[in-house]
Amino acid sequence: MLAGKFLDPRRRNASAHMKIAISGPALARAEELDALDGILPFDRRDQLALLLTDEDVPALKQLVLAGTGDNTLKAIASDLAYLETWCHAVTEAPLPWPAPQALILAFIAHHLWDPERRMSDPAHGMPAEVETRLRSAGLLRVSGPHAPSTVKRRLASWSALTQSRGVEGEFLATSVRSALHIAIRAQARPQATKSQSVVTGDVLTRLLATCSTDRLADLRDRALLLTAFASGGRRRAELAGLHVEDLIDDAPVAQGPDLLPCMTLRLDRTRPAAAGEAATAVMVGRSVEAVKAWLAAAEIAQGAVFRRIDQWGHVDRRGLTPQAVNLILKARCEKAGLDATAFSAHGLRAGYLVEAAALGVPLQLAMQQSQHRSTAQASRYYREQKRRKDDPETTIN
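Residues numbered from 1 in each chain as written. Predicted model: local features only at pLDDT ≥ 70, side-chain atom pairs only at ≥ 80, totals over all residues. Heavy atoms only, no water.

Novice: If you had to explain the confidence of the model for the chain to someone new, which residues and values would you point to?
Specialist: Counting all residues, the mean pLDDT for the chain is 79, and 73% of those residues have values of 70 or more. Across the chain, the element-wise mean pLDDT spans from 40 in helix 1 (residues 3-6) up to 96 in helix 14 (residues 286-298). Below a pLDDT of 50 lies the segment residues 38-43, which in the model reaches ten contacts outside its immediate sequence neighbourhood of four places, other chains included. Confidence drops under pLDDT 50 across residues 389-395; counting only partners more than four residues distant or on other chains, this segment forms nine contacts. (pLDDT = per-residue confidence, 0-100. Helix = DSSP H or I, 4+ residues; strand = E, 2+ residues; numbered from the N terminus. Contact = heavy atoms within 4.5 Å.)

This is the structure:
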């Protein structure tokens, strides 16, 4: 335990209050978090209020003012709650700003460890009492070491929050970078597959066949599927966060004797671009027509594009959640006679690149549309395409 090094009396036994109705300072924090309604999940407001400190909420607001994307902010808030709980379990104190190298190194050691070594050395990895505190708070679900991507994301969130407070962190220190590199190599964790099956053009055709009527649910799901695929394989969070204000009509595109409708999707709301750049994607043809048909039928003129429809056919004013996007895809898979357990919303993102490769679209052009930042990750789908036998007549739009 590191309590001797980092002891701070401001917060003690925080986890003991997890099941008690919030009041006092926690209630005040909860009311402050209400100002972020529409960004942070309301059902987690009280939990976040208990886990965060009085200094944490202003730091999150500062990130909003700095133009941080909605989904990035949600991830940072979630990571901050985890980090505060972990730090309190380790040091009996809230996170110090800036955090010393020893605390950062302890975080890496607690989350990236070797299961084989732990069999002979019980002290290796996360201490049992820390693990118990995190599980009792509902923040720890894995039974082994964390995925390196999760650890790196939480370190990045920690670093961003440190910078938002106007102080310099130790996250780029040689010892920290070396420890992270060694821990990841020692773990040698295989890359996880987000979707067992890729939603290629032929699969998409089967899904669209299940939503070919003028019912509101069919119009929405058709627009959702086509937007996800044709706009470059949008993530489910990007689809859930898409607003009417993000849709920009462009000049029609000539294709032979026909003029096809064209639309630009502004993605900055959920996916911040690099400085001086705009995060956008372009759709042409039937995907644009499907979106406009859905918005007209649902009488949506502003706010979220894709929304919940209740059992009486009423369209909710709030947008779908990312999880709802995933469930819609699985429901359509079942109706199409496919194994829903083999598909997830990420299959649409992978499917776009697979189809782009089949059509001979240059990788860099496909990445501009998909907004992939890693050439290595995107090129993996191009390599997989060489082993596939897709219909060469399949088109992306």
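Novice: Break down the pairing of strand 5 (residues 315-319) for me, citing the residues and quoting the values.
Specialist: The two faces of the sheet receive side chains in turn, since in a regular strand these alternate between them. The sheet contact formed by strand 4 (residues 307-309) and strand 5 spans two bridges and is antiparallel. Bridged to arginine 307 within strand 5 is glycine 319. (Pairing = 2+ DSSP bridges.)

Novice: Outline the environment of glutamine 101, listing residues and values.
Specialist: Locating glutamine 101 in the fold gives a position in helix 6 (residues 101-111). Accessibility expressed as a relative area gives 29% for glutamine 101, which makes it partly exposed. Discounting residues that sit within four places of it in the chain, glutamine 101 has contacts with Glu170, Ala173, Ser175 and Val176. There is a polar contact of 2.3 Å between the side chain of glutamine 101 and the side chain of serine 175. (Buried < 20%, exposed > 50% of the residue type's maximum accessible area, 1.4 Å probe, protein only. Polar contact = N/O pair within 3.5 Å; in protein donor to acceptor, adjacent residues only side chain to side chain.)

Novice: An account of unusual backbone geometry is needed here, citing residue identities and associated values.
Specialist: Cis rather than trans, the peptide bond between tryptophan 97 and proline 98 has omega equal to 0 degrees. Mapped onto the secondary structure, proline 98 falls in the loop between helix 5 (70-91) and helix 6. The backbone phi angle of glutamate 92 is positive, close to 60 degrees, even though this residue is not glycine. Positionally, glutamate 92 belongs in the loop between helix 5 and helix 6. Look at glutamate 299: it is not a glycine, yet its phi comes out positive at around 55 degrees. You can see glutamate 299 is positioned in the loop between helix 14 and strand 4.

Novice: Kindly report on helix 11 (residues 201-209), identifying the contributing residues and their values.
Specialist: Listing the buried residues of helix 11 in full gives Gly201, Val203, Leu204, Leu207 and Leu208. Down the axis, helix 11 shows its buried residues gathered within 155 degrees of arc, on one side only. As for helix 11, its buried residues are in contact with helix 12 (216-230), helix 14, helix 15 (322-335) and helix 16 (346-358). (Arc of directions from axis to C-beta.)

Novice: Give a detailed account of the sheet that holds strand 1 (residues 247-255), specifying residues and quantitative values.
Specialist: In space, the three strands of this open sheet follow the order 1-2-3, with antiparallel pairing throughout. In this open sheet, the two edge strands, each paired with only one partner strand, are strand 1 and strand 3 (280-284). Recorded for the sheet is a direction-independent mean angle of 25 degrees between the axes of neighbouring strands. The pairing of strand 1 with strand 2 (residues 258-266) spans seven bridges and is antiparallel. Its bridge partner being in strand 2, aspartate 250 is matched across the sheet by cysteine 262. Together, strand 1, strand 2 and strand 3 form the strand contacts of helix 14, whose direction differs from that of strand 3 by roughly 95 degrees. (Axes fitted to C-alpha atoms, helices over the stretch in contact; angles between N-to-C directions.)

Novice: With reference to specific residues and values, describe the nonpolar core.
Specialist: By size, the foremost hydrophobic cluster in this structure holds 47 residues, and its most contacted members are Leu207, Trp294 and Phe306. If you list the elements that add at least two residues to this core, you get helix 11, helix 12, helix 13 (236-240), strand 2, strand 3, helix 14 and helix 15. With eight residues, the top contributor of residues to this core is helix 12. Once residues within four sequence positions are removed from consideration, phenylalanine 306 is found in contact with Arg220, Ala223, Leu224, Thr227, Leu239, Leu242, Trp294, Gly319 and Leu320. One finds Leu63, Tyr82, Leu112 and Phe171 within the second-largest nonpolar core, a separate group that totals 35 residues. (Core = buried A, V, L, I, M, F, W, Y, C linked by side-chain atoms within 4.5 Å.)

Novice: Before we move on, could you go through the packing of helix 6 against helix 9 (residues 148-164) and cite the residues and values that matter?
Specialist: Between helix 6 and helix 9, the shortest axis-to-axis distance is 11 Å and the interhelical angle comes to 160 degrees. If you check the angle between helix 6 and helix 9, you find them roughly antiparallel. Classified by chirality, the crossing of helix 9 by helix 6 is right-handed. Note on element contacts: helix 9 touches helix 6 through Val151, Arg154, Leu155 and Trp158, opposite Leu103, Ile104, Phe107, Ile108 and His111. Classifying every residue of the contact of helix 6 with helix 9 gives seven nonpolar, one polar and one charged. (Parallel < 35°, antiparallel > 145°, perpendicular 65-115°, else oblique. Left-handed = near helix turned anticlockwise from the far one by under 90°. Nonpolar A, V, L, I, M, F, W, Y, C, P; charged D, E, K, R; others polar.)

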